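Structural overview
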Amino acid sequence: MSCPSIMSVKGGGAQDPLTEVRALAEGVRAYLEWLRETGVEELPLSRRRISRRDLGAPGAAEKAGKAGTVTEREAGGVAGEGAGTRLRPRAFVASGDLFGEPKTAGARTLEELAEALEGCRRCKLAGGRTHIVFGVGNPRAQVMFVGEGPGEEEDLRGEPFVGRAGQLLTRIITNGMKLRREDVYIANIVKCRPEGNRTPQPDEIAACLPFLKRQIELIGPRVIVALGTVAVQALLGGQVSITRVRGSWQEYCGIPLMPTFHPAYLLRNPSQKQAVWEDIREVMRAVGIAG
């Protein structure tokens, strides 16, 4: 699959300015296409209108730092009709959060990345959280589990998968894979609890996904296990059906990805535990774990 990212469009070696601008524009186009596929209808851009004169003025970027919204059509016709629609110039300046701000993209360790997330107000989930639930585990893990978002217990403790569903995941790791929980890495698509444990909304996922992507880049797992529909759709893009892809190898940015059911689903549907165990055995074989 494609892995659109503003920070990944630059190639190696020196490039002339025009080539860099073209590469950046292509990265923006690919990212907006991906956002459209995943259902995002509004993008967090600057509230303040910036004139062309402002764009060349010292401190222009700082003036555009507060987040607002602009629809896809306003952002340049991404959802417009007809082939060959082009992005129209707009008098808005992106805040930087949408495409991965420098502190996020430049983080060299998980600790630096966590620092970049401190006090995050990038989406409306921030207003109801107790803790940002960043992720836990081995920073060089071979296997990375990615879930949907924190629940009530996770929000209170600041650690992913510690409630009933988390206890089941721990048993899968320890009893099934014969690993310790600290041998793998566990994270979620969104880092703050959605109110009432509702499904994260597309704009919330889009705001948080750059942090997860950087986590994956820093950890470099051999295999990703995507737990449930939200994780599968966010990582693979589009309206992927978990029931159709579960148990079949997929790919995220060159990394083998195994979609499987979320532990919370297994609590409601224990008959599916065998299916998940088969998926986990595939993961074990992929990383050379006997079982």
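Above this text you will find the structure in question.
Since the model is a prediction, treat every value here as computed from it, not as a measurement.

1. Here we look at the pairing of strand 8 (residues 255-260)
Looking along a regular strand, one sees the side chains alternate between the two faces of the sheet. The buried fraction of strand 8 amounts to five of the six residues, a majority that puts the element mostly inside the structure. Both strand 6 (residues 223-227) and strand 8 contribute to a ladder of four bridges, which runs parallel. Note that in strand 8 the partner of Ile 224 across the bridge is Leu 257. In the sheet, strand 7 (residues 250-252) pairs with strand 8 via three bridges, with the strands oriented antiparallel. Bridging across to strand 8, Gln 250 finds its partner in Leu 257. The antiparallel pairing of strand 7 with strand 8 creates a hairpin that spans two residues between the two strands, and Cys 253 there sits at a positive phi of about 50 degrees.

2. Quick look at the pattern of salt bridges
Summed over the entire model, instances satisfying the criterion amount to nine salt bridges. Ionic pairing is found between Glu 204 and Lys 124, a salt bridge with its closest N-O pair at 3.2 Å. Highlighted residues: Glu 204 in helix 8 (residues 202-219) and Lys 124 in the loop between helix 5 (110-117) and strand 3 (136-137), separated in sequence by 80 residues. Put simply, Arg 246 and Asp 279 hold a salt bridge, and the shortest N to O gap is 2.8 Å. Here the residue Arg 246 occupies a position in the loop between helix 10 (242-245) and strand 7, and Asp 279 occupies one in helix 12 (residues 273-287), the gap between them amounting to 33 residues. On the basis of relative accessibility, which here comes to 22%, the residue Arg 246 falls in the partly exposed class.

3. Examining a negative patch on the surface
Together, Glu 111, Glu 112, Glu 115 and Glu 118 make up a negatively charged patch on the protein surface. Mapped onto the elements of the fold, Glu 118 is located in the loop between helix 5 and strand 3. With a relative accessible area of 61%, Glu 118 lands in the exposed category.

4. Looking at the sheet that holds strand 6
Strand order in this open sheet of six strands is 3-5-4-6-8-7, and the pairing throughout is mixed. Two strands lie at the open edges of the sheet, namely strand 3 and strand 7, each paired on one side alone. In the packing of helix 9 (residues 229-236) onto the sheet, contacts are made with strand 4 (143-147), strand 6, strand 7 and strand 8, and the angle to strand 6 comes to roughly 130 degrees.

Conventions and cut-offs
Residues numbered from 1 in each chain as written. Predicted model: local features only at pLDDT ≥ 70, side-chain atom pairs only at ≥ 80, totals over all residues. Heavy atoms only, no water. Buried < 20%, exposed > 50% of the residue type's maximum accessible area, 1.4 Å probe, protein only. Helix = DSSP H or I, 4+ residues; strand = E, 2+ residues; numbered from the N terminus. Pairing = 2+ DSSP bridges. Salt bridge = Lys/Arg side-chain N within 4 Å of Asp/Glu carboxyl O. Patch = residues over 30% accessible without salt bridge, like charges linked within 9 Å, V, L, I, M, F, W, Y side chains within 5 Å. Areas by Shrake-Rupley, 256 points an atom, 1.4 Å probe, with all protein chains shown as cover. Lys, Arg positive; Asp, Glu negative; His and termini not counted. Charge placed at Lys NZ, Arg CZ, Asp CG, Glu CD. Contact = heavy atoms within 4.5 Å. Axes fitted to C-alpha atoms, helices over the stretch in contact; angles between N-to-C directions.

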